[in-house]
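Here are the chains, one letter per residue:
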Amino acid sequence: MRADESRAPNACAVDPWAAEFVAAAGPQDPPPGGPEARAFLHDGVAVRTRYFDDCLLEAVRGGCTQVVLLGAGLDARAFRLPWPRPVDVFEVDLPELLAFKERVVGGRVPAVARRVTVAADLRDDWAEALTAAGFDPARRTAWLCEGTLAYLAPDRADAVVRAMAAHSPPGSAVAAETATSHGSLDCLRSCRDALAADGAPWRSSLRDPASWWAERGWRMTVPDPASLPYAAERMARYVPMLREAGDTGGWLLTGTRCGPTPA
Ligand SMILES: C[S@@+](CC[C@H](N)C(=O)[O-])C[C@H]1O[C@@H](n2cnc3c(N)ncnc32)[C@H](O)[C@@H]1O
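Just so you know, these numbers come straight off a predicted model, no measurement behind them.

The next thing to look at is the overall build of the protein chain. A count of helices and strands for the protein chain gives 11 helices and seven strands. A compact globule built from 263 residues would reach a C-alpha radius of gyration of about 18 Å, and the protein chain, at 18 Å, matches this within 12%. Considering only C-alpha atoms, the protein chain reaches an extent of 45 × 40 × 35 Å along its principal axes. Relative to its 263 residues, the protein chain shows a buried fraction of 49%. Contacts spanning at least 24 positions in sequence make up 79% of the contacts within the protein chain whose residues lie at least 6 apart. Summed over all atoms, the accessible surface of the protein chain reaches about 12200 Å², with 55% contributed by carbon and sulfur. Taken as two groups, the 29 positive and 34 negative side-chain charges of the protein chain have centres that lie 3 Å from each other.

Laid out in structure tokens, this is it:
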């Protein structure tokens, strides 16, 4: 989806690495779902890519000197974003994913001071592995959970977000995607089923993401996608469908570390 978006004349975000990953993966079946689901997912990925690009750059401009991508997948931000200052980027994901990624990016020079991959399972003690890889919990950090938390069971997502807070001094930032009512949209049923058959079901969703994050040490802002200039037109056509599904907002969020360390 990022490769397709990058070729569009009105692209929200351009990721030149996406096409390289697609080529390296070789021929694939088309993604599941009908035209409506594919359009919705494509536009959603395009908007979220741009939104998180902007959030991370803003956090670094604001003083964060480390960036941690949790469930980094094929995120190429360490290579493609115009970082405003030297920053260390940590990419946490499962070993097989990182091995594939390194086949494509290995040996290429990132646009950051240091890019570190951390092979760890977010259901285990990933924070220990992150710290052992050089992450400094005393430095202000920008965290990103893009397309990640929905794949974790609710108790695991809870533990991840609490651990992020426990490893973040004040002034740290987070940007995250939350599965709200999207997960229950009828048009996405075949995507959900295909992911589940592949061993990666969507496991958690939230009705009130901002409160959920606040209980875990993060003060969040929930933008109305219609207020984002690059998103308003793209997302307008899906508003009736989302309203019908009881969407309560909170799909994309950004926030800062606040309050005491949660238990
Ligand atoms: C939908 S992809 C999102 C990837 C990337 N953040 C992006 O937006 O392109 C979900 C990612 O989470 C990773 N992931 C899923 N479960 C995980 C776990 N238990 N521990 C670490 N990574 C996990 C997957 O390997 C995959 O790369």
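Residues in close proximity to the ligand total 16 residues, the closest being R48, G71, D93, L122 and E146. In the environment of the ligand, a nitrogen atom lies 2.8 Å from a nitrogen or oxygen atom belonging to the backbone of G71. Separating a nitrogen atom of the ligand from a backbone N or O atom of L122 is a distance of 2.8 Å. When the free accessible area of the ligand is taken as 600 Å², the share hidden by the protein chains comes to 81%. Across the shell around the ligand, the residue classes tally to seven nonpolar, three polar and six charged.

Right, let's get into the layout of surface pockets. Roughly 330 Å³ of volume is contained in the second largest pocket. Along the wall of the second largest pocket there are 19 residues; nearest its centre are D224, P225, V239, L242 and D247. Contributions of two or more residues to the lining of the second largest pocket are made by α10 (232–236) and α11 (239–244). Per-class residue counts for the lining of the second largest pocket are 13 nonpolar, three polar and three charged.

Let us now look at the pattern of salt bridges. Here the structure, examined in full by the defined rule, presents 25 salt bridges. D158 is the salt-bridge partner of R162, the closest N and O atoms lying 3.1 Å from each other. Pair noted here: R162 and D158 are both in helix α7 (residues 154–166), with a separation of four residues, about one helical turn. When its relative accessible area of 23% is taken as the criterion, R162 is described as partly exposed.

One finds F40, V47, V67, W83 and V89 to be the most contacted residues of the largest nonpolar core, which totals 46 residues. At the level of secondary structure, the elements contributing two or more residues to this core comprise α2 (16–25), α3 (35–61), β1 (66–70), α4 (77–80), α5 (95–105), β4 (141–145), β5 (173–177) and α11. Per element, the largest residue contribution to this core is 11 residues, and it comes from α3. Not counting chain neighbours up to four residues away, the residues in contact with V67 comprise L56, V60, W83, V87, D88, V89, F90 and A142. One finds L122, A157, V161 and W218 within the second-largest nonpolar core, a separate group that totals 30 residues.

Residue placement: L69 occurs in strand β1. We classify L69 as buried; its relative accessible area is 2%. The contacts of L69, once residues within four sequence positions are left out, are L56, D75, V89, F90, E91, V92 and L144.

What follows deals with α2. Listed in full, the buried residues belonging to α2 are W17, A18 and F21. Buried residues along α2 cover an arc of 105° about the axis, so they all sit on one side. Exposed and oriented more than 90 degrees from the buried face of α2 are P16, V22 and A23. Next to the buried residues of α2 lie α1 (2–7), α4 and α5.

This part covers the packing of α2 against α5. Following both chains from N to C, one finds α2 and α5 inclined at 115°, their axes separated by 10 Å at the closest point. The angle between α2 and α5 falls in the class roughly perpendicular. The element α2 and its partner α5 pack so that their crossing is right-handed. Every residue of α5 that contacts α2 at W17, E20, F21, A24 and A25 is listed here: F100, K101, R103, V104 and V105. Its residues assigned to classes, the contact of α2 with α5 comprises seven nonpolar, no polar and three charged.

About the cut-offs
Residues numbered from 1 in each chain as written. Predicted model: local features only at pLDDT ≥ 70, side-chain atom pairs only at ≥ 80, totals over all residues. Heavy atoms only, no water. Helix = DSSP H or I, 4+ residues; strand = E, 2+ residues; numbered from the N terminus. Rg over C-alpha atoms; globule rule 2.2 N^0.38 Å. Buried < 20%, exposed > 50% of the residue type's maximum accessible area, 1.4 Å probe, protein only. Contact = heavy atoms within 4.5 Å. Areas by Shrake-Rupley, 256 points an atom, 1.4 Å probe, with all protein chains shown as cover. Lys, Arg positive; Asp, Glu negative; His and termini not counted. Charge placed at Lys NZ, Arg CZ, Asp CG, Glu CD. Near = heavy atom within 4 Å. Polar contact = N/O pair within 3.5 Å; in protein donor to acceptor, adjacent residues only side chain to side chain. Nonpolar A, V, L, I, M, F, W, Y, C, P; charged D, E, K, R; others polar. 1 Å grid on protein atoms, 1.4 Å probe; cavity = no way out; pocket = protein on both sides within 12 Å on 5 of 7 lines; lining within 4 Å. Points joined across faces, edges and corners; volume = space filled by probe spheres on them. Salt bridge = Lys/Arg side-chain N within 4 Å of Asp/Glu carboxyl O. Core = buried A, V, L, I, M, F, W, Y, C linked by side-chain atoms within 4.5 Å. Arc of directions from axis to C-beta. Axes fitted to C-alpha atoms, helices over the stretch in contact; angles between N-to-C directions. Parallel < 35°, antiparallel > 145°, perpendicular 65-115°, else oblique. Left-handed = near helix turned anticlockwise from the far one by under 90°.

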